[in-house]
Amino acid sequence: MANLPFPQFLQRYGITMLFASDEGVIPGTILEKRKQGYFAAGRLDQVFNDPPPAWDTQLQAANLVYGTVQRSLSLGGKASLNEFGINIGGGLTNARSVDFFISGVKCRVFANQSKITLIPRLQELRKTNKALWKLVNNNYIADFTYYATEVTAQFTVEGNADLRAEIEQKISISAGAEIAWKSKSKFVISSNDKIPFGFSGWIV
């Protein structure tokens, strides 16, 4: 089976890619659209004063049917790279391009909330708290966040450059994730389930 190009993967499953992400982007995050993409503007647990269990989330297998998803990027002129929760803070001078092969995806969902219960509460803010309403109005609410839990990074390099030697000490990954080098220009990240690459949700 041919690899599924990343843009087609996003379109097929209604996933919107996050331009900037961190561990705080979870279901209930309020996402504001800017020129570069979507950015977190806050979370619903900051809007509503429910007891903490109300906003619990859970990680589960994503209900997606796919083989391997491929994302290809040119690295010409790039000094750093931040994709799928993998941050490379330099050492890419000899790297021409990179292919990410995603073979595992999980999603985080609400444990106790749903769109059906949240929309009426959000609409009520229009009457009861105009300042909070302004925060959420016309923004997206994430109800699923997606994680590339198993991803291979394969770099094309200049000549016989040893990319591992150049970037190994400059790579940072989220807590709990693991990295295994397969060659001087290829590594595999596993258990990468803290920083999402995309979300699905609805607009207020």
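Predicted model, so just to flag it, every value in this text is computed and none were measured.

1. Structural notes on the pairing of strand β9 (residues 95–110)
Both faces of the sheet carry side chains from a regular strand, because those side chains alternate between them.
Phase 1: With 5 bridges connecting them, strand β5 (residues 57–61) and β9 associate as antiparallel partners. Bridging across to β9, Thr57 finds its partner in Phe110.
Phase 2: Where strand β6 (residues 69–74) and β9 come together, 6 bridges link them in antiparallel fashion. Directly across from Leu73, in β9, lies its bridge partner Val98.
Phase 3: Bridge count for β9 against strand β10 (residues 140–157) is 13 bridges, and the pairing is antiparallel. In the strand pairing of β10, Asp99 is matched with Gln154.

2. Details of the environment of Ile203
Phase 1: Inspection of the secondary structure puts Ile203 in strand β14 (residues 198–203).
Phase 2: The spacing of Ile203 and Asn138 is 65 residues in sequence and 6.1 Å in space, taken between C-alpha atoms.
Phase 3: Once residues within four sequence positions are removed from consideration, Ile203 is found in contact with Asn138, Asn139 and Tyr140.

3. Here's the deal with the sheet that holds strand β7 (residues 81–83)
Phase 1: Read from one edge to the other, the open sheet built from 3 strands follows the order β7-β8-β11, with strand pairing classed as antiparallel. Each of the sheet's edge strands pairs with one partner strand only, and the pair in question is β7 and β11 (171–173). For this sheet, the mean inter-axis angle between neighbouring strands, taken without regard to orientation, is 10°.
Phase 2: Where strand β8 (residues 86–88) meets β11, 3 bridges bridge the pair, whose relative direction is antiparallel. Bridging across to β11, Ile86 finds its partner in Ile173.

4. Description of helix α3 (residues 115–128)
Phase 1: The terminal C-alpha atoms of α3, which comprises 14 residues, lie 20 Å apart, in line with the 20 Å expected from a rise of 1.5 Å per residue.
Phase 2: Within α3 the residues assigned to the buried category are Leu118, Leu122 and Leu125. In a view along the axis of α3, the buried residues occupy a sector of 40°, so they form one face of it. Across α3 from its buried face, at more than 90 degrees, point the exposed residues Ile116, Lys127 and Thr128.

5. Let's talk about the nonpolar core
Phase 1: Counting residues in hydrophobic clusters, the biggest one holds 37 residues, and the most contacted among them are Phe9, Leu81, Ile88, Phe100, Phe155, Phe187 and Phe197.
Phase 2: Elements with a minimum of two residues in this core: α1 (6–13), β6, β8, β9, β10, α5 (163–167) and β13 (186–190).
Phase 3: Per element, the largest residue contribution to this core is 7 residues, and it comes from β9.
Phase 4: Discounting residues that sit within four places of it in the chain, Phe197 has contacts with Phe6, Phe9, Leu10, Ile15, Thr16, Met17, Leu18, Phe84, Val105, Tyr146, Tyr147 and Ala148.

6. A short note on unusual backbone geometry
Phase 1: Positive phi outside glycine occurs at Phe84, with the angle close to 55°.
Phase 2: By the element assignment, Phe84 lies in the loop between β7 and β8.

7. Remarks on the packing of aromatic side chains
Phase 1: Counted according to the given criterion, the structure contains 15 aromatic pairs.
Phase 2: Among the aromatic residues, those joined into a ring-pair cluster are Phe6, Phe9, Tyr13, Phe84, Phe100 and Phe197.
Phase 3: If you follow Arg34 out to its NZ or CZ, it ends over the ring of Phe39, 4.6 Å from the centre.
Phase 4: Stacked on the ring of Phe48, the Lys or Arg Arg121 has its end atom at 4.2 Å from the ring centre.

8. So, the side chain of Asp143
Phase 1: Examined against the element boundaries, Asp143 turns out to sit in strand β10.
Phase 2: One buried charged residue, Asp143, remains without a salt bridge, the closest side chain of opposite sign being Lys115 at 6.5 Å.
Phase 3: The residues contacting Asp143, other than those within four sequence positions of it, are Pro27, Arg108, Val109, Phe110, Ser200, Gly201 and Trp202.

9. Notes on the confidence of the model for the protein
Phase 1: Confidence in the prediction of the protein, expressed as mean pLDDT, is 90, and 99% of residues score 70 or more.
Phase 2: When mean pLDDT is taken per element in the protein, β13 scores highest with 95 and helix α4 (residues 130–136) scores lowest with 87.

Conventions adopted
- Sequence order sets the numbering: in each chain, residues are counted from 1 along the sequence as written.
- The model is predicted, so local features are restricted to residues of pLDDT at least 70 and side-chain atom pairs to those at 80 or more, both for listing and for counting; the totals for chains, interfaces and linings are taken over all residues.
- As a rule here, side-chain values come from all non-hydrogen atoms in the structure, and water together with hydrogens is ignored.
- Note on pairing: DSSP must find at least two bridges between two strands before they are called paired.
- Only DSSP runs of H or I covering at least 4 residues are called helices, and only runs of E covering at least 2 are called strands; the numbering of each starts at the N terminus.
- Only heavy atoms matter for contacts: two residues are in contact if any of them lie within 4.5 Å across the pair.
- Interaxial angle, 0 to 180 degrees, is taken between N-to-C directions of lines fitted to C-alpha atoms, where a helix line uses only the stretch in contact.
- Residue count minus one, scaled by 1.5 Å, sets the expected span of a helix.
- With a 1.4 Å probe rolled over the protein chains alone, any residue whose accessible area is under 20% of its type maximum counts as buried; one over 50% counts as exposed, and the rest are partly exposed.
- Note: the arc covers the axis-to-C-beta directions of the helix.
- To form a nonpolar core, buried Ala, Val, Leu, Ile, Met, Phe, Trp, Tyr and Cys residues must be joined to one another through side-chain atoms within 4.5 Å.
- The rule is short: rings of Phe, Tyr and Trp, with Trp giving its six-membered ring, pair when the centres are within 6.5 Å, and they are stacked under 30 degrees, edge-to-face over 60, tilted in between.
- Geometrically, a lysine NZ or arginine CZ counts as sitting over a ring once it is within 6 Å of the ring centre and also within 35 degrees of the ring normal.
- In this count, Lys and Arg are taken as positive residues and Asp and Glu as negative ones, while His and the chain termini are left out.
- Counted as salt bridges are all cases of a side-chain nitrogen of Lys or Arg within 4 Å of a carboxyl oxygen of Asp or Glu.
- A residue's pLDDT is the confidence the predictor assigns to it, expressed on a 0 to 100 scale.

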